[in-house]
Amino acid sequence: MSDNKTVAESLKDELFITRKNGRLKADEKILSEAQNYCEDYKIFLDNAKTEREAVKIAIKLAESKGFKEFDRNKKYNAGDKVYINNRGKTVAFAIIGSENIENGANICAAHIDSPRLDLKPNPLYEEIELALFKTHYYGGIKKYQWTAIPLALHGVFALKDGSVKEVIIGENDNEPKFVINDLLPHLAQEQSKRTLNEGIKGEELNVLVGSHPFKADKGSELVKLNVLKLFNEKYGITESDFLSAELELVPAFKACDIGIDRSMIGSYGQDDRVCAYPALTAITDIENPLKTAITILADKEEIGSMGNTGLESDFLRYVIGDLAKNQGADETVAIRNSKCLSADVNAATDPTFQEVMERRNASFLNYGVVLTKYTGAGGKSGTSDASAEFVARIRNMLDENDIIWQIGELGRVDLGGGGTVAQYIANMGLDVVDLGVPVLSMHAPFETTAKLDIYMCYKAMFEFMK
Ligand code: MN
Ligand code: MN
């Protein structure tokens with residue numbers, strides 16, 4: 001203790017938690033690696049705006065790194081890389097470990113669905129010679145945020161003959177976009193008295209699709225007719241084919257750097273692609289892990305993880321079961337000994353809305369990947385509260401590998417809350433804790449993250465699975 005520190009200062013160094021901006025802690029090499037890593041992340045964001053697109057791109061990247069579709073008739077050996085595609089909406093990637101899977105797998109689980117506007121089954125209608133789509137919002141959105149911004153249409157028409165037509169309209173600069181119009185302020189006196197939540201109501205989220213009438217001497221709904229004619233020419237569909245479609249409206253913006261210092265990223269859908277991309281790139285960068293490594297990218301988290309592509313389903317159990325059977329191992333033992341990082345975002349402290357946070361337990365941009373011991377609402381309802389022992393293990397792994405990290409809770413205890421897939425994975429009887437990236441404007445059409453935090457998320461997942 002020489003460097004002119006008082007006894008109290010030295011003791012503080014020894015005993016207190018030290019908090020420091022990660023960009024001050026990190027050296028130039030790490031900062032430039034983070035910058036480079038995020039260039040590819042932005043490309044991923046622009047090309048994976050829906051769960052279906054994310055699955056496709058993830059598989060394409062994995063295949064380029066040697067992953068092959070799992071075949072239960074084949075015998076796999078340590079180091080082999082496989083994936084299991086669940087209906088094109090959820091996908092699991094695995095690398096067979098050199099240890100028996102009964103010793104447990106290391107799993108990173110992120111979700112690839114994001115809040116958006118789905119088309120209703122019967123969406124298309126005409127009012128005052130304008131054609132519109134009715135929408136049904138998906139996930140927790142602030143509805144007013146979705147008006148007066150350019151929207152793109154993504155998804156599929158599934159036809160009765162079994163064929164599937166893929167749709168993307170509005171992503172290229174020269175393509176048309178869609179929009180939900182809002183009332184002009186001049187005439188919004190009544191609307192302005194509504195609560196923020198009711199400012200735009202669900203049934204007012206109607207999307208403008210066209211205004212050109214099909215040229216005919218007589219007849220009604222000619223604008224709608226012309227719109228259907230254009231859809232028919234492009235995809236061979238008729239109005240009834242919307243009944244078996246999954247069409248989603250998402251913001252037509254591209255991902256970009258935020259800030260004159262280029263330290264942040266703004267984009268649609270970073271909850272949870274900001275964790276899905278690190279989970280994906282971590283497993284595709286790993287070779288020959290000791291324990292079987294699994295990355296799962298799941299659908300339906302934003303609506304409660306329900307359904308056969310959500311993580312409340314048995315999909316993950318079956319993935320581990322398939323891998324266990326393949327090496328003659330016991331599925332139950334494999335599950336019980338597995339460990340999981342539930343890779344989801346946390347709320348970053350917003351300088352303008354600091355009062356919703358409890359500062360000592362809030363996460364901040366640039367302070368690294370966030371470890372969240374428990375989520376939930378109020379008195380920890382709806383949470384998976386990770387064990388102290390498991391948190392200690394992860395904390396040690398992060399520190400041992402110089403990964404910049406912070407602890408975080410989702411806001412003040414009485415204010416609200418949220419959950420992740422952690423609770424469903426914990427139900428299987430394995431250890432799981434939340435780890436992810438802090439986000440500003442979570443669930444908005446344009447969310448903000450910090451590049452250093454994203455890179456630290458990647459490094460954490462790589463260390464966890466390698
Ligand atoms: Mn999420
Ligand atoms: Mn979310």
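Note that the coordinates shown come from a computational prediction; the quantities given were computed from them, not determined experimentally. (Residues numbered from 1 in each chain as written. Chains lettered and ligands numbered in written order. Predicted model: local features only at pLDDT ≥ 70, side-chain atom pairs only at ≥ 80, totals over all residues. Heavy atoms only, no water.)

> Please provide a residue-by-residue account of the coordination of the manganese ion (ligand 1), values included.
Those protein atoms acting as donors to the manganese ion (ligand 1) are His111 (NE2), Asp271 (OD), Asp344 (OD) and Asp344 (OD), and they sit at 2.1 to 2.6 Å. Between consecutive donors of the manganese ion (ligand 1), the numbers of intervening residues give the motif H-x159-D-x72-D. Metal-to-metal, the separation of the manganese ion (ligand 1) and the manganese ion (ligand 2) is 3.3 Å; Asp271 coordinates the two. Residue His111 is found in strand S4 (residues 106–111), and its partner Asp344 is found in the loop between strand S15 (339–342) and strand S16 (346–347); the two are separated by 233 residues along the sequence. Asp344 gets classed as buried once you look at its relative accessible area, which sits at 8%. (Donors = N, O, S within 2.8 Å, 3.2 Å for Na, K, Ca; no water. Helix = DSSP H or I, 4+ residues; strand = E, 2+ residues; numbered from the N terminus. Buried < 20%, exposed > 50% of the residue type's maximum accessible area, 1.4 Å probe, protein only.)

> Mind laying out helix H5 (residues 222–235), listing which residues take part and the relevant values?
The end-to-end C-alpha distance of H5 is 20 Å, a good match for the 20 Å that 14 residues give at a rise of 1.5 Å each. Within H5, the full set of buried residues consists of Leu222, Val223, Lys224, Asn226, Val227, Leu228, Phe231 and Tyr235. Looking at the packing, one finds that the buried side of H5 touches strand S5 (116–127), strand S6 (130–138), strand S7 (151–158), strand S8 (164–169) and strand S10 (206–210). (Expected span 1.5 Å × (residues − 1). Contact = heavy atoms within 4.5 Å.)

> Could you give me a rundown of the pattern of salt bridges, with the residues and numbers involved?
Considering all chains together, one arrives at 29 salt bridges under this definition. As a salt-bridge pair, Glu51 and Arg116 come within 3.0 Å of each other at their nearest N and O atoms. You can see Glu51 sitting in helix H4 (residues 51–64) and its partner Arg116 sitting in strand S5, a full 65 residues away along the chain. Residue Glu51 shares its accessibility class with Arg116, and that shared class is buried. One salt bridge connects Asp285 with Lys65, and the closest N-O pair in it is separated by 2.9 Å. (Salt bridge = Lys/Arg side-chain N within 4 Å of Asp/Glu carboxyl O.)

> Now, about the layout of surface pockets: what can you tell me, with residues and values included?
Of the voids in this model, the largest pocket is the one considered here, and its volume is about 1000 Å³. Around the largest pocket, the lining comprises 40 residues; the ones closest to its centre are Ala347, Met357, Leu410, Ser441 and Met442. Examining the composition of the lining of the largest pocket, we find that 3 residues originate from one element, strand S21 (residues 431–436), more than from any other. Here the lining of the largest pocket is composed, by residue class, of 16 nonpolar, 16 polar and 8 charged. When residues of the lining of the largest pocket are assigned to domains, at least three map to each of domain 1 (11–114 + 268–465) and domain 2 (116–251). Reported here for the second largest pocket is a volume of approximately 530 Å³. For the second largest pocket, the lining is made up of 17 residues, of which Ile17, Thr18, Lys25, Asp399 and Trp405 are closest to its centre. (1 Å grid on protein atoms, 1.4 Å probe; cavity = no way out; pocket = protein on both sides within 12 Å on 5 of 7 lines; lining within 4 Å. Points joined across faces, edges and corners; volume = space filled by probe spheres on them. Nonpolar A, V, L, I, M, F, W, Y, C, P; charged D, E, K, R; others polar. Domains from an automatic or database assignment.)

> With reference to specific residues and values, describe the sheet that holds strand S2 (residues 81–86).
Within a sheet, adjacent strands bond to each other through the backbone by hydrogen bonds, running parallel or antiparallel. Pairing in this open sheet of 9 strands is mixed, and the strands run S1-S2-S3-S14-S4-S15-S21-S17-S19 from one edge to the other. In this open sheet, the two strands that pair with only one neighbour each are strand S1 (68–69) and strand S19 (405–407). Here 4 bridges tie S15 to S21, and the two strands are oriented parallel to one another. Bridge pairing links Ser342 to Asp434 in S21. Relative to strand S3 (residues 90–95), H4 is tilted by about 20°, and along the sheet it contacts S2, S3 and strand S14 (293–298). (Pairing = 2+ DSSP bridges. Axes fitted to C-alpha atoms, helices over the stretch in contact; angles between N-to-C directions.)

> Please provide a residue-by-residue account of the coordination of the manganese ion (ligand 2), values included.
Taken together, the protein ligands of the manganese ion (ligand 2) are Asp271 (OD), Glu302 (OE), Glu302 (OE) and His443 (NE2), with distances of 2.1 to 2.6 Å. For Asp271, a relative accessible area of 2% puts it in the buried group.

> Explain the environment of Ile404 residue by residue, including any values.
Summarising the element assignment, Ile404 is placed in the loop between helix H9 (388–400) and S19. Taking the relative accessible area as the measure of exposure, Ile404 reaches 8% and is therefore buried. Sequence separation of Ile404 and Tyr455 is 51 residues, and the distance between their C-alpha atoms is 9.5 Å. Ile404 has contacts with Gly22, Lys25, Ala26, Tyr367, Gly368, Val369, Leu452 and Met456, leaving out every residue within four places of it along the chain.

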